[in-house]
Amino acid sequence: MSELDTLIQLLAKLPGLGPRSARRAALHLVKRRESLMQPLAAAMREAAAAIRPCAACGNLDTVDPCAICRDPQRDPAAICVVEDLADLWALERTGAFRGRYHVLGGTLSALDGVGPEDLNIARLIARLTPEIELILALNATVEGQTTAHYIADRAAATGARISRLAQGVPIGGELDYLDEGTLTAALKARHRL
């Protein structure tokens, strides 16, 4: 197998890239070897050497603890639990949450053989005290809900206040296009105006 084939196969393993997209990306990189491919390879090498998970929350950064955990402007009494880094970054883009995070690294899944010991749950429970609000920001999937219930059960003994993100009708959503689960959650989470 040639180096080009190896490059295409590796690119095809990235999310959102199939074999055809990987082939196009590889050809684009090869055509722009000096201006794009070599700087990209150097940046990837440097990132692989420098980036590591935060020992406190599981976020990725070049320093430990990460910038979010070190930020004195963050509220240490609020910890938002997310499944993975993409969820943390999505919440950060909003600018609405000014507390700390905890990245689980996945969700419980009996079918996939993922148990509590495979996730970053023990470290989360160790961070909790009665002064902390634990915000469960897990996906509204069977695995996400199972994980949220497991964490809530384990966290109850710490005295932490436990909440979860609201679920239901999105802003701009039309009822006719929503699934039954979303509508049911919206009806159960209704509040007085």
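See the structure printed just above.
Residues numbered from 1 in each chain as written. Predicted model: local features only at pLDDT ≥ 70, side-chain atom pairs only at ≥ 80, totals over all residues. Heavy atoms only, no water.

(A) Expanded view of unusual backbone geometry. That bond from Asp-64 to Pro-65 is cis: its omega, 5 degrees, falls within 30 degrees of zero. Mapped onto the fold, Pro-65 is located in the loop between β2 (60-61) and α4 (67-70). (Helix = DSSP H or I, 4+ residues; strand = E, 2+ residues; numbered from the N terminus.)

(B) Spotlight on the layout of surface pockets. Here the largest pocket is characterised by a volume of approximately 320 Å³. Those elements giving two or more residues to the lining of the largest pocket turn out to be α1 (3-12) and α3 (33-50). In terms of residue count, α1 provides more of the lining of the largest pocket than any other element does, five residues in total. (1 Å grid on protein atoms, 1.4 Å probe; cavity = no way out; pocket = protein on both sides within 12 Å on 5 of 7 lines; lining within 4 Å. Points joined across faces, edges and corners; volume = space filled by probe spheres on them.)

(C) Looking closely at the environment of Asp-5. Tracing the backbone shows Asp-5 in helix α1. C-alpha of Asp-5 to C-alpha of Ala-47: the two residues are 42 residues apart in sequence and 24 Å apart in space.

(D) Structural detail: the pairing of strand β6 (residues 161-164). Relative to β6, strand β5 (residues 133-136) is paired through four bridges, and the arrangement is parallel. In the sheet register, Leu-134 faces β6, and the bridge partner there is Ile-162. You can see the chain leave β5, run along helix α7 (residues 142-155) and come back into β6, and the turn it takes is right-handed. (Pairing = 2+ DSSP bridges. Right-handed = clockwise from strand over helix to strand, strands pointing away.)

(E) Molecular detail of the nonpolar core. Within the largest apolar cluster, 17 residues are counted, with the highest numbers of intra-cluster contacts made by Val-81, Leu-124, Leu-128, Leu-134 and Ile-151. With residues near it in sequence (within four places) discarded, Leu-134 still touches Ile-79, Val-81, Leu-124, Leu-128, Ile-151, Ala-155, Arg-161, Ile-162 and Ser-163. (Core = buried A, V, L, I, M, F, W, Y, C linked by side-chain atoms within 4.5 Å. Buried < 20%, exposed > 50% of the residue type's maximum accessible area, 1.4 Å probe, protein only. Contact = heavy atoms within 4.5 Å.)

(F) Broad picture of the environment of Lys-13. As for its placement among the helices and strands, Lys-13 is situated in the loop between α1 and α2 (19-31). Sequence separation between Lys-13 and Pro-39 is 26 residues; the distance between their C-alpha atoms is 21 Å.

(G) Inspection of the pairing of strand β4 (residues 99-103) at higher detail. Counting buried residues along β4, five of its five residues qualify, which places the element largely inside the surrounding structure. In this sheet, β4 lies alongside strand β3 (residues 75-82) in parallel orientation, the contact comprising five bridges. Its bridge partner being in β4, Ile-79 is matched across the sheet by Arg-100. Taking the sense of rotation as the criterion, the β-α-β connection linking β3, helix α5 (residues 85-94) and β4 turns out right-handed.

(H) Looking closely at the sheet that holds β5. Pairing in this open sheet of four strands is parallel, and the strands run β4-β3-β5-β6 from one edge to the other. The open sheet has two edge strands with one neighbour each: β4 and β6. In this sheet, adjacent strand axes meet at a mean angle of 25 degrees when their direction is disregarded. Two strands pair when backbone bridges link them, and β3 and β5 are joined in this way by four bridges, in the parallel orientation. Bridge pairing links Val-81 to Leu-136 in β5. Strands β3 and β4 of the sheet are contacted by α5, whose axis makes an angle of about 160 degrees with β4. Of the strands in this sheet, β3, β5 and β6 touch α7, which is tilted by about 165 degrees from β5. (Axes fitted to C-alpha atoms, helices over the stretch in contact; angles between N-to-C directions.)

Just distances and angles here, no functional claims.
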